[in-house]
Amino acid sequence: MKTLAVKVDDLTVAYNYKPVLWDIDLEIPEGVLMAIVGPNGAGKSTLIKSILGILKPIAGSVSIYGKPYEKQRKLVAYVPQKGSVDWDFPTTALDVVMMGTYGSLGWIKRPGQKEKKAALEALEKVGMLPFKNRQISQLSGGQQQRIFLARALVQNASIYFMDEPFQGVDASTEIAIINILKALRKAGKTVIVVHHDLQTVPEYFDWVTFLNVKKIATGPVKDIFNDDNLTKTYGINYKVSIQE
Amino acid sequence: MLGSFAVLRKQSLLGDAISHAALPGIAIAFLITGAKDTNTLLLGALVSGLIGTFWIRGIVTKTHLKSDTALGLILSVFFGFGMLLLTFIQKQPNANQAGLDKYLFGQAATLVESDVWMMAIVTGICLIVMLTFWKEFKILLFDADYTKTLGFNTKTIDILITSFIVLAIVLGLQTVGVVLMSAMLLAPAAAARQWTNSLSKMVFLAAIFGAFSGVFGTAVSASQNNLSTGPVIVIVAGVFVLFSFVFSPKRGLLFKQIRFVKNRRDLELHKTLAFMYHIAETHDNISHPHTIKILNNFQGYTKGTLQKLVDRGFVELDGNMWHLTEEGFKTASNLYNQQNASDE
Ligand SMILES: Nc1ncnc2c1ncn2[C@@H]1O[C@H](COP(=O)(O)OP(=O)(O)O)[C@@H](O)[C@H]1O
Ligand SMILES: [Mg+2]
């Protein structure tokens, strides 16, 4: 049995009265590249936000490598949905990536040369070094997504949560991003990705979780990515041809 | 200065709500102490401003009202209550009440030296706190959820920012007044945003615009006996905003228009050049001369564009004949290839 990177127990979350997530149990082994799939409004973003303590669940607990999340923050990095921030904010690409170092700096301390170097390296990894001084509103959607990815890479975490990193990016950016994710897995990191394009699940990921308010299934793609689970998750008789 | 944060938080109404919420505080402070001493009254304003602000936050988190609705609600309730109290005070025989209404529109002429010192000191403290927590303010404003995952207590940062906005507003009440306070808070920041893409420069510029509007507006209103300070200051600040929206080089309307016209001209030139390139291509020698008449077949052609091409050294004229120069040919073939590449 592999080490568990993330363990979620009996997680229930509601914004109003109606639960958006219902009694979720989830175990994510270390070193997987996992997709979370489900229809719009299934609670995928909510699940990630609850695991990361952004939202307060009604019930349930989350542990990271066997300890409560609050004690393990430094091991976890988050790539929010791109639409969640105002890209007209007056700042540069490099500045946003530097924000990834703020956690280890703590209160008041300013980022210095060491942090800047780390940020530049991360920009290099995502191919955005030439744009480091570019105002963020003047980046394309794909470039903004890469900046978010770089900001998480700077944190040098063990577990990465990403909310729709492929949303609105062009084909070449998609390939660049998936290569970075695969490199992370190769380095032993655990990567959890909210994903929309069912066609590419078998090609990109080795682990998958089906979610629609409740957890439908979780496990290796080759075992559970089938029409039965897709239909249970998406309701109608759902079929995708799975490439062998 | 602090207005920058309010603008970036898209909580423009917050300033309005806070300043209106401060009004009953002033009235109540007067009723209790019977004194017109500025510090007492402003303390009352501070307390009721803070109460108003935290009520707004409470309403937004506890109920599911939108924050705009909550702001509007608090704004009108507090302001209505404040006006009621003011009217009540004015009906009283106590002659001391005259002058409270200066808080509605501001009257800088009533400022005494100690008030100015007080403002300077509080501004200084704000500045120090802002510089100390610069990094935290910035990241919270940009991406609050992410800030939380890094382990920062976002509530603390948020309360810090909000408290300073309240403090700044209360201090400004005497000069600008309740009604126009939020305009004073936001106008310099909105103007500054037009000129820069960096948060630090934006805050700095906003401070300068704000200070200038304040000093200038006060001077004008002091020279005219019955002019309230607030409206004058806000008009000056408004001029900054107008000027910035029109003239700022990156985001301004004027330069957008100029860029647009320039792009269109460039496009015409390029089209003409491309047309010439097609003709020249059919000959081995690019400097083979052609008649100018042939260009008349091409729609975008005018004498002006031809002259511009000559000025740029792309074309040489010889009587009523023309030919492309080496450079013109190269430029045209680059353009041509680019066009084809982008068509694919
Ligand atoms: N801030 C919010 N307030 C109230 N309801 C919300 C909020 N965010 C999401 N929801 C609701 O919760 C459900 C799950 O949303 P979400 O987690 O964003 O789904 P997904 O990411 O899978 O598309 C949806 O029905 C959505 O309308
Ligand atoms: Mg989502």
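Residues numbered from 1 in each chain as written. Chains lettered and ligands numbered in written order. Predicted model: local features only at pLDDT ≥ 70, side-chain atom pairs only at ≥ 80, totals over all residues. Heavy atoms only, no water.

Engineer: What is the right way to look at the pattern of salt bridges in this model?
Structural biologist: Side chains that differ in charge, positive against negative, can pair when their charged atoms come close. The full count for this structure, using the stated rule, is 10 salt bridges over all chains. Here lysine 135 of chain B makes a salt bridge to glutamate 136 of chain B, at a shortest N to O gap of 3.1 Å. Neither residue differs from the other here; lysine 135 of chain B and glutamate 136 of chain B are each classed as buried. Via salt bridges that share partners, Lys7, Asp9 and Glu27 of chain A belong to a single interconnected network. (Salt bridge = Lys/Arg side-chain N within 4 Å of Asp/Glu carboxyl O. Buried < 20%, exposed > 50% of the residue type's maximum accessible area, 1.4 Å probe, protein only.)

Engineer: I'm lost on the packing of helix H7 (residues 134–142) of chain B against helix H9 (residues 154–176) of chain B in this one. Help?
Structural biologist: For any two helices packed against each other, the geometry is given by the interaxial angle and the distance between the axes. Residues and elements named next belong to chain B. Contact geometry of H7 with H9 gives a least axis separation of 10 Å together with a crossing angle of 105°. One element, H7, and the other, H9, form an angle in the roughly perpendicular class. The segment H7 lies against H9, with Glu136, Phe137, Leu140 and Leu141 engaging Thr154, Ile157, Asp158, Leu160 and Ile161. (Axes fitted to C-alpha atoms, helices over the stretch in contact; angles between N-to-C directions. Helix = DSSP H or I, 4+ residues; strand = E, 2+ residues; numbered from the N terminus. Parallel < 35°, antiparallel > 145°, perpendicular 65-115°, else oblique. Contact = heavy atoms within 4.5 Å.)

Engineer: I tried to follow the packing of aromatic side chains on my own but got confused; where do I start?
Structural biologist: The relative placement of two aromatic rings is captured by the distance of their centres and the angle of their planes. Evaluation of the coordinates by the stated rule reveals 14 aromatic pairs over all chains. Plain terms: the ring middles of tryptophan 55 of chain B and phenylalanine 78 of chain B are 5.7 Å apart, the flat faces sit at 85° to each other, and that makes the pair edge-to-face. Note that tryptophan 55 of chain B is positioned in helix H3 (residues 38–62) and phenylalanine 78 of chain B in helix H4 (residues 67–91), a separation of 23 residues in sequence. Judged by its relative accessible area of 10%, phenylalanine 78 of chain B falls in the buried class. Grouping aromatic residues by their ring pairs yields a cluster made of Trp87, Phe89 and Phe148 of chain A together with Phe142 of chain B. Cation over ring: arginine 151 of chain A sits above tyrosine 146 of chain B, and NZ or CZ is 3.4 Å from the ring centre. A cation over an aromatic ring shows up here: lysine 135 of chain B above the ring of tyrosine 102 of chain A, its NZ or CZ 5.5 Å from the ring centre. (Phe/Tyr/Trp six-rings, centres within 6.5 Å; stacked < 30°, edge-to-face > 60°. Lys NZ or Arg CZ within 6 Å of the ring centre and 35° of its normal.)

Engineer: What is the right way to look at the interface of chain A and chain B in this model?
Structural biologist: How large an interface is tends to be reported as the accessible area lost when its parts come together. Listed as interface residues are 35 residues of chain A and, on the opposing side, 30 residues of chain B. Counting each side, the surface lost to burial between chain A and chain B is near 2,900 Å², with a carbon and sulfur contribution of 61%. On the chain A side of the interface with chain B, the three residues burying the most area are Phe89, Pro90 and Trp107 of chain A, jointly 25% of the side's total. For the pair chain A and chain B, the interface holds 4 salt bridges. In this structure, the salt-bridge partner of arginine 193 of chain B is aspartate 88 of chain A, at a minimum N-O distance of 3.5 Å. Those elements giving two or more residues to the side of chain A that touches chain B turn out to be helix H2 (93–98), helix H3 (102–105) and helix H5 (141–154) of chain A. Per element, the largest residue contribution to the side of chain A that touches chain B is 3 residues, and it comes from H3 of chain A. By residue class, the composition of the side of chain A that touches chain B is 18 nonpolar, 9 polar and 8 charged. (Buried area = accessible area lost by both parts, 1.4 Å probe. Nonpolar A, V, L, I, M, F, W, Y, C, P; charged D, E, K, R; others polar.)

Engineer: Would you take a moment to explain the pairing of strand E2 (residues 315–318) of chain B for this structure?
Structural biologist: Each regular strand shows side chains that alternate between the opposite faces of the sheet. Residue and element names in this part refer to chain B. Note: E2 against strand E3 (residues 321–324), 4 bridges, orientation antiparallel. Looking across to E3, one finds that glutamate 316 is bridged to histidine 323. Linking two consecutive strands that pair antiparallel, namely E2 and E3, is a turn of 2 residues; a positive phi of about 65° is found at glycine 319 within it. (Pairing = 2+ DSSP bridges.)

Engineer: What am I meant to see in the side chain of threonine 154 of chain B here?
Structural biologist: Residue position: threonine 154 of chain B is located in helix H9. Classification of threonine 154 of chain B as buried rests on a relative accessible area of 13%.

Engineer: What am I meant to see in the pairing of strand E1 (residues 4–14) of chain A here?
Structural biologist: All names here are of chain A. Bridge analysis of E1 against strand E2 (residues 19–29) gives 7 bridges, and the strand direction is antiparallel. Along E2, the bridge assignment pairs leucine 4 with proline 29. Counting the residues between successive antiparallel strands, the hairpin from E1 to E2 contains 4 residues. Of the strand pairs in this sheet, E1 and strand E4 (residues 59–64) are connected by 5 bridges, and their pairing is antiparallel. Within E4, the residue paired with valine 6 across the bridge is isoleucine 64.

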